[in-house]
Amino acid sequence: MGEVSAIMGRELRKWVRSPPLLVMALVQPLFWMGLYGKAFNLTGLFSVPEDVLRTLPPESTKVVAELFNSMAVRLFGSPGTDYFSFVAIGMTSVIVLFVSVFSGMSIAWDRRLGFLNKLLVAPIRRSSIVMGKVLASSVRAFIQSSMVLLMGLALGMKLSPASPLLVAGALASIFLLAISLSSLVIAITLRLRSWEYHMAVANLLNLPLMFTSTALYPLNLMPDWMRPLATINPLTHTIELLRGALLYGNSLDIAAYQFHLAYLAAFALLAAGLGSYLANRYLTAER
Amino acid sequence: MRAIEAEGLRKVFGRVVALDGVSFTVEEGEVFGLLGPNGAGKTTTISILTTLIRPTSGSARVWGYDVRTETSKVRSVIGLVPQDLTVDDELTGLENLRLMAALYHVPKDVAERRIEEVLELVDLKEAAGRRVETYSGGMRKRLELAAALVHRPKVLFLDEPTLGLDVQTRAHIWDYIRRLVREEQLTVLMTTHYMDEADANCDRIAVIDRGRIMAIGTPRELKVKHGSDVIELEVQGDGFDLQNLVKGVEGVTDVRVSGNRISVRVVRGEEVLPELMRRMISSGLSVSRIEMRRPTLDEVFIALTGRSIREEQGSWEEVFRQSMNVRRVRA
């Protein structure tokens, strides 16, 4: 454990000392949230404009309102949810993806600069090297994610939180998501030597994983073939947990909440196990 | 006990045979040098002995542990100072050393005392709190040495410890290395392609070329065996057959005469010189100048491999590494 935390400590020290990195990582989610989330007012489609409302007979207004409400609930989980809040929560999770896809990069750099050899000649498990980096990446992702959440609140996200315990569980799921994604990315990129490959892998994973999650649109709006993908995607589960605990308030579905959390925990465990296993086998100085 | 035993090490990378049956032993407390040009297999040998790569065939033990099967035991008794500067730029000297202590499971209180000690050894106490990016090349190398010693290794591996450093810094680093070896009672395996460094610092040397060991011995043994002393004399007087005068002397291997100068290659100069002088004087020649040169390891290397070690310099690999080092030092 000491060796894992030593490696994690090194990574985090380096990160804290480069504030530009921290700020730059926030730019993309800010754009998605601030520009796309604000401009593309999907929930606005389901509200009836005032002047139209005035021309309708009073008895039908109630029917129309109920109709639109039920559509909003079906798609966005709660009648009060506006699209900006919906996307802001999505971005709170997507930033975890954006940070995690680079988790393998530091191994490539360490290899290039010879530091990896230093780690490899030390009497430590190879998996400790990888887990130290996964945990560091997860802490980074968690902090960045909290910052995106705060940005969302500052920009007018409408909170309707469930009980503190459920909120805490949902926030913890951010960390589970980070461990899942960072471990997977490291497992994929373990043997890649140059940072160009890491960039390519990052690009390859970023968009598909974002678009097959419920970050930008609800599961119900997806075509049938896409829904299974979204259901496997760990991002979806963190997003649903966060939306449940932060936006839906009392209308939160406890059974679904528990399922999402269990799914993420299992996913994180498997991914970390896979990463460790591959590290013990394949993380070497060998050409 | 033998600190290092290598037996028939072979390493093949794809089609390239990097090591072709390397065997040698290093005794406890010895400073052993692997001398050879770039690409000779020095770093590959170190990589195998430090468990970084596995030999294609052959076996090796370090401090009694098998480098293939007892990797973690080997790792805990060795220290490695690699060719490149690998201390972390963005951390302070102290943080680098603490990281190493943690990686070697040195208990915290022990580590703090030990870190003080190694910082003292390499004179980096004042700079320890600064980030490594502010260090000079020589300071980084010293920190690198300190980092390799935090866990009190038994065997220290130095891969080209002075590569990319200027001449003064080189001499300085060697002072530190000698001090460390003395005070820490280390066994050292080092590689170098600087002849003078090997000559001055190693108890024994293995000359390695193209993946094979060409000769092993103390610098003196190698010079006696594979190099020869050269005696140069300048004589006054005419009509003497210098060639014949010298030829019969025991130990002379080659004679060259040009004008009144004569250059003689001999096996043991200190024994041959008096005899040469006696002959010259008894035949009435007056000697106006004498010079005797001892062989250098350069000559040994040429004698063993048929080419100079310097010819290999400037390979792309070295140019690349040096430029990397320079860039890191500047950054």
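Residues numbered from 1 in each chain as written. Chains lettered and ligands numbered in written order. Predicted model: local features only at pLDDT ≥ 70, side-chain atom pairs only at ≥ 80, totals over all residues. Heavy atoms only, no water.

1. Some details on the domain arrangement of chain B
This is how it is decided: Segment limits for the domains were obtained from an automatic or database-derived domain assignment.
Taken domain by domain, chain B consists of domain 1 (2-223) and domain 2 (228-294). Computed over C-alpha atoms, the centres of domain 1 of chain B and domain 2 of chain B are 45 Å apart.

2. As for the sheet that holds strand 6 (residues 78-81) of chain B
All names here are of chain B. Using the following cut-off: Criterion used throughout: strands pair if DSSP finds at least two bridges between them. In this text, helices come from DSSP runs of H or I with a minimum length of four residues, and strands from runs of E with a minimum of two, each type numbered from the N-terminal end. Axis definition: a line fitted to C-alpha atoms, limited for helices to the stretch in contact. Angles are taken between N-to-C directions and run from 0 to 180 degrees. Residues are treated as being in contact if the distance between any of their heavy atoms lies within 4.5 Å.
What the six strands build is an open sheet, ordered 6-7-8-3-9-10; its pairing is mixed. The open sheet has two free edges, formed respectively by strand 6 and strand 10 (212-217), since each of these has just one partner strand. Here the strands of the sheet are splayed against their neighbours by 15° on average, with no regard to which way each runs. The sheet contact formed by strand 3 (residues 31-35) and strand 8 (residues 187-192) spans five bridges and is parallel. Within strand 8, the residue paired with V31 across the bridge is V188. The sheet contacts of helix 8 (residues 219-226) involve strand 9 (204-209) and strand 10, and relative to strand 10 the element is tilted by about 110°.

3. Overview of the packing of helix 9 (residues 164-189) of chain A against helix 12 (residues 234-246) of chain A
Residues and elements named next belong to chain A. What counts, and what does not: Here the word oblique covers every angle except those under 35 degrees (roughly parallel), over 145 (roughly antiparallel) and from 65 to 115 (roughly perpendicular). By the definition used in this description, the sense in which the near helix is turned from the far one sets the handedness, with an anticlockwise turn below a right angle giving left-handed and a clockwise turn giving right-handed. Gly counts as polar in this scheme, as do all residues outside two lists: the nonpolar Ala, Val, Leu, Ile, Met, Phe, Trp, Tyr, Cys and Pro, and the charged Asp, Glu, Lys and Arg.
Axis separation between helix 9 and helix 12 bottoms out at 8 Å; the angle between their running directions is 165°. Taken together, the axes of helix 9 and helix 12 are roughly antiparallel relative to one another. For the pair helix 9 and helix 12, the crossing hand works out as left-handed. Along the contact surface, helix 9 presents L166, V167, A170, L171, S173, I174, L177 and L181, while helix 12 presents P234, L235, T238, L241, L242, A245 and L246. For the contact of helix 9 with helix 12, a count of residues per class yields 13 nonpolar, two polar and no charged.

4. Topic: a nonpolar patch on the surface
Residues and elements named next belong to chain A. Selection rule: A residue counts toward a patch only above 30% relative accessible area and without a salt bridge, and it is joined to like-charged neighbours within 9 Å or, for Val, Leu, Ile, Met, Phe, Trp and Tyr, to nonpolar neighbours within 5 Å. Note on areas: Shrake-Rupley with a 1.4 Å probe; residue coverage comes only from the protein chains shown. The working definition used for a salt bridge is a side-chain nitrogen of Lys or Arg within 4 Å of a carboxyl oxygen of Asp or Glu. For every residue, the accessible area (1.4 Å probe, protein chains only) is compared with the maximum for its type, and the residue is labelled buried under 20%, exposed over 50%, or partly exposed between those bounds.
Taken together, the side chains of F102, W109, W195 and M199 define a hydrophobic patch exposed on the protein surface, amounting to about 350 Å² of accessible area. Position of F102 relative to the elements: it lies in the loop between helix 5 (83-100) and helix 6 (105-113). Given a relative accessible area of 31%, F102 falls into the partly exposed group.

5. Some points on the pairing of strand 4 (residues 57-62) of chain B
Each regular strand displays side chains that alternate between the two surfaces of the sheet. Residues and elements named next belong to chain B. The sheet contact formed by strand 1 (residues 2-13) and strand 4 spans five bridges and is antiparallel. The residue of strand 4 that forms the bridge with R10 is S57. Strand direction decides the pairing type here: strand 4 and strand 5 (residues 65-66), joined by two bridges, are antiparallel. Bridging from a neighbouring strand, R61 pairs with D66 of strand 5. Between strand 4 and the antiparallel strand that follows it, strand 5, lie two residues; W63 among them carries a positive phi value of about 55°.

6. Some points on the side chain of K133(A)
Residue and element names in this part refer to chain A. Heads up, the rule is: Any N or O atom pair separated by 3.5 Å or less is treated as a polar contact, with the protein-specific requirement of one donor-capable and one acceptor-capable atom, and with residues adjacent in sequence counted only for side-chain atom pairs.
Examined against the element boundaries, K133 turns out to sit in helix 8 (residues 126-154). For K133, the side chain forms a polar contact with the side chain of S106, separated by 3.0 Å. Non-local contacts of K133, meaning those with residues more than four positions away in its chain, are made with I7, R10, E11, S106, I107, D110 and I186.

7. Looking at the environment of L80(B)
When you line up the elements, L80(B) lands in strand 6. Considering only alpha carbons, one finds L80(B) and E299(B), 219 residues apart in sequence, at a separation of 30 Å. Aside from chain neighbours lying at most four places away, what touches L80(B) is V121(A), I46(B), T50(B), L52(B), A148(B) and F157(B).

8. A word on helix 11 (residues 297-305) of chain B
Residue and element names in this part refer to chain B. Rules: Directions from the helix axis toward the C-beta atoms define the arc.
Restricting attention to buried positions, one finds in helix 11 the residues L297, V300, F301, L304 and T305. Along the axis of helix 11, the buried residues cluster in a sector spanning 105°; they form a single face. The first or second residue beyond helix 11 is G306, which carries a positive phi of 80°.

9. Remarks on the packing of helix 5 of chain A against helix 12 of chain A
Residue and element names in this part refer to chain A. Put simply, helix 5 and helix 12 touch, their axes get as near as 9 Å, and they point 140° apart. Judged on the interaxial angle alone, helix 12 and helix 5 are oblique. For the element pair helix 5 and helix 12, the recorded crossing hand is right-handed. Between helix 5 and helix 12, the contacting residues are F86, I89, G90, T92, S93, V94 and L97 on the first element and L235, T238, I239, L242, R243 and L246 on the second. Along the lines of polarity and charge, the residues of the contact of helix 5 with helix 12 split into eight nonpolar, four polar and one charged.

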